[in-house]
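# A structural walkthrough
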Amino acid sequence: FEKLGWQVLAPGHSQLDITDAAGVRAWFKENRPDAMIHTAAVSDTGICQRKPAWSEEINVNGTANLVESCREWGVKPVICSSDQVYFGSTLAEAHRESEVLTPANVYGDQKLRSEEQCLEICPDTVCLRLSWMYARERFDGEKGDFLSALKAALGDGSKAISWPVHDRRGLTDVMYVVENLVKALELPGGVWNFGSENDASTHETVKRVLEALGMEEALRRLKPNEEAFADNGRNLSMDLTKLNAAGVYFPTTAEGLIRALK
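I will try to describe carefully the structure that is included in this document. (Residues numbered from 1 in each chain as written. Predicted model: local features only at pLDDT ≥ 70, side-chain atom pairs only at ≥ 80, totals over all residues. Heavy atoms only, no water.)

## Details of helix α6 (residues 174-184)
An α-helix turns once per 3.6 residues; consequently, residues spaced three or four apart project the same way. By the burial criterion, the buried members of α6 are Y176, V177, N180, L181 and A184. For α6, the angular spread of buried residues about the axis comes to 150 degrees, placing them on one side. Measuring from the backbone nitrogen of M175 back to the side-chain oxygen at the start of α6 gives 2.9 Å, which picks out D173 as the cap. (Buried < 20%, exposed > 50% of the residue type's maximum accessible area, 1.4 Å probe, protein only. Helix = DSSP H or I, 4+ residues; strand = E, 2+ residues; numbered from the N terminus. Arc of directions from axis to C-beta. Polar contact = N/O pair within 3.5 Å; in protein donor to acceptor, adjacent residues only side chain to side chain.)

Here you go:
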């Protein structure tokens, strides 16, 4: 962003408590940003299930406070939503933004209601439905991600490598998300799937990656996990037709993982 001439303000919780509506208005009045990219959330689905009232205050009400101030001061709002809004859908194909949804977990429900509320407050809001992300480099204290789990499995030559066959979702290198956030500022208000596509199960995805990298020893250790999600297959994969038509593109899940491992 700074290379493109933007000055970036990144207040932490001590500088900006998004659950404090008056404090949010005061921060916007003092700083007068041109655009807002809202990334704060309680994103741990388990915590949201256990503490729905607390996570609601942040994921729904806190986001609304920010967008209210965006409307008041003429700021372009971009908010981070989640592919978890699709959790519970019985569709087999990749999900489109126009799909009627009834999320099966608290986090997905909160994110969907937050989208709807923000668009009602400010129709110019860009709601980005993000997939599960991974980073090529990790910092101490960060939660684990798919890439780090895959690297660990590849490095332990004594164990089988196993991922579910009844699970399909996009996995996205966070750097591609960061790079495309600049373009997201130019998108019209609405909901946008924003991450890597994937037309294969998690097991098949890993197989494709190992084959592309010529990792024969790891391929011999790769075993399908037939038990996970067997009763109710999970599909969180997203269709990017709308985003691509707007000129924004992501590598596929397999392509991104291959580049990261290389």
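## Points about unusual backbone geometry
Of note, the phi angle at R32 is positive, near 45 degrees, even though the residue is not glycine. With respect to the helices and strands, R32 occurs in the loop between α1 (21-31) and β1 (35-38). A positive phi angle, near 60 degrees, is found at F229, a position not held by glycine. By relative accessible area, which is 30% here, F229 ends up partly exposed.

## Concerning the packing of aromatic side chains
Following the criterion strictly, the structure yields four aromatic pairs and no others. A centroid spacing of 5.2 Å and a plane angle of 50 degrees characterise the contact between F146 and W163, whose relative ring orientation is tilted. Of the two residues, F146 is situated in helix α5 (residues 146-155) and W163 in strand β5 (residues 161-164); the sequence distance between them amounts to 17 residues. Like W163, F146 is buried. Centroid distance F194 to F250: 5.1 Å. Interplanar angle 80 degrees. Geometry classified as edge-to-face. (Phe/Tyr/Trp six-rings, centres within 6.5 Å; stacked < 30°, edge-to-face > 60°.)

## What to know about the nonpolar core
L16, F28, M36, L66, V67 and I79 are the most contacted members of the largest nonpolar core, which has 21 residues in total. Elements supplying a minimum of two residues to this core: α1, α3 (52-73) and α4 (106-121). When residues in this core are grouped by element, the largest group, five residues, is from α3. Every residue in contact with L66, bar those within four places of it in the chain, is listed here: L16, I18, V24, F28, M36 and H38. (Core = buried A, V, L, I, M, F, W, Y, C linked by side-chain atoms within 4.5 Å. Contact = heavy atoms within 4.5 Å.)

## Section: the sheet that holds strand β8 (residues 190-194)
If you trace the four strands from one edge of the open sheet to the other, you get β1-β2-β3-β8, paired in parallel fashion. Sheet topology places β1 and β8 at the edges, where each strand pairs with a single neighbour. Neighbour-to-neighbour, the strand axes of the sheet open up by a mean angle of 20 degrees, direction not taken into account. Each of β1 and β2 (76-82) is contacted by α3, which is oriented at about 170 degrees to β1, the strand it contacts most. (Pairing = 2+ DSSP bridges. Axes fitted to C-alpha atoms, helices over the stretch in contact; angles between N-to-C directions.)

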